[in-house]
Amino acid sequence: PTILFHKSPARLYGWLPLLILILLLATIAVSGLALHYIEARLVASSGETVALAAADAADKLDRFLFERYSNVLMAASLISARADDLKYQQEYLRRMKDLYPEYLWLGITNARGQVVVATDPTTIGRDYGAEPWFQSMLHGESINIGDVEPFAIMGGVDAIAFTAPLKGHKGR
């Protein structure tokens, strides 16, 4: 005679809840690792994007400032050649401001620091002889580039001032 052992269904499937729990925990662990990896990649990608944008902005700012630096040196050289011609100087500054709208104000002072020519006529006659930028020109600097600060002449707008000396016929 053959004897069949029959297991009760409770015993046969008793390990199933444990298997489901192990599979659930494994799924949660794999999902957590996948989310962590995706998050790390997104953060790294965003960081790279921000770094590239910052480098691009720094490059554009550098080019912009170098152009202004070159413009100021060229203007000082051309105006120095006609140091006694105030009409020419006024026209030159007006044209420069028209061609380069990024300039808020352009002006020329005399040897004492008083504005004699400017794109804003209300500033003519103002005395800037005690200003650090003017004093640096008296002490022989070839150009002075200020920090970003409120520009009082134009109502306190943040600006960078570029200053270059004008040398007349005698080199002074």
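Rules of the game
Residues numbered from 1 in each chain as written. Predicted model: local features only at pLDDT ≥ 70, side-chain atom pairs only at ≥ 80, totals over all residues. Heavy atoms only, no water. Helix = DSSP H or I, 4+ residues; strand = E, 2+ residues; numbered from the N terminus. Buried < 20%, exposed > 50% of the residue type's maximum accessible area, 1.4 Å probe, protein only. Polar contact = N/O pair within 3.5 Å; in protein donor to acceptor, adjacent residues only side chain to side chain. Contact = heavy atoms within 4.5 Å. Patch = residues over 30% accessible without salt bridge, like charges linked within 9 Å, V, L, I, M, F, W, Y side chains within 5 Å. Areas by Shrake-Rupley, 256 points an atom, 1.4 Å probe, with all protein chains shown as cover. Salt bridge = Lys/Arg side-chain N within 4 Å of Asp/Glu carboxyl O. Phe/Tyr/Trp six-rings, centres within 6.5 Å; stacked < 30°, edge-to-face > 60°. Core = buried A, V, L, I, M, F, W, Y, C linked by side-chain atoms within 4.5 Å.

## Quick notes on the side chain of S136
For step 1, the next point in the chain: Take S136: it is sitting in helix 4 (residues 132-138).
For step 2, the next point in the chain: Using a relative accessible area of 8% as the deciding quantity, one classes S136 as buried.
For step 3, the next point in the chain: Of the polar contacts made by the side chain of S136, one reaches the side chain of N144; its length is 3.2 Å.
For step 4, the next point in the chain: If sequence neighbours within four positions are ignored, S136 has contacts with E141 and N144.

## Structural notes on a nonpolar patch on the surface
For step 1, the next point in the chain: Together, Y13, W15, L16, L19, I20 and L23 give the surface a local cluster of nonpolar side chains, amounting to about 610 Å² of exposed area.
For step 2, the next point in the chain: With respect to the secondary-structure elements, Y13 resides in the loop between helix 1 (9-12) and helix 2 (16-81).

## Things to note about the packing of aromatic side chains
For step 1, the next point in the chain: This structure, assessed with the given rule, holds six aromatic pairs.
For step 2, the next point in the chain: Aromatic pair Y88 and Y92: ring centres 6.1 Å apart, planes at 40 degrees, arrangement tilted. Of this pair, Y88 and Y92 both sit in helix 3 (residues 86-99), four residues apart, roughly one helical turn.
For step 3, the next point in the chain: Members of the aromatic cluster, each reached through a chain of ring pairs, are Y128, W133 and F134.

## Topic: the pattern of salt bridges
For step 1, the next point in the chain: Scanning the entire structure with this criterion turns up seven salt bridges.
For step 2, the next point in the chain: The partner of D56 in a salt bridge is K60, with the nearest N and O atoms 3.5 Å apart. Residue D56 and its partner K60 are located together in helix 2, separated by four residues, close to a single helical turn.
For step 3, the next point in the chain: A salt bridge links E67 to R68; its shortest N-O distance comes to 3.5 Å.
For step 4, the next point in the chain: Taken together, the shared-partner salt bridges in this structure form one network comprising E67, R68 and E102.

## A closer look at the nonpolar core
Within soluble globular proteins, side chains that are nonpolar tend to cluster in buried spots.
For step 1, the next point in the chain: Counting residues in hydrophobic clusters, the biggest one holds nine residues: A75, I79, Y92, L93, M96, Y103, L106, I108 and V117.
For step 2, the next point in the chain: In terms of residue count, the dominant contributor to this core is helix 3 (three residues).
For step 3, the next point in the chain: In this structure L93 touches I79, L106, G107, I108, V117, A118 and T119, once residues within four positions along its chain are discounted.
For step 4, the next point in the chain: Residues V115, A118, Y128 and I153 belong to the second largest nonpolar core, which totals seven residues.

These values are about where atoms sit, not about what they do.
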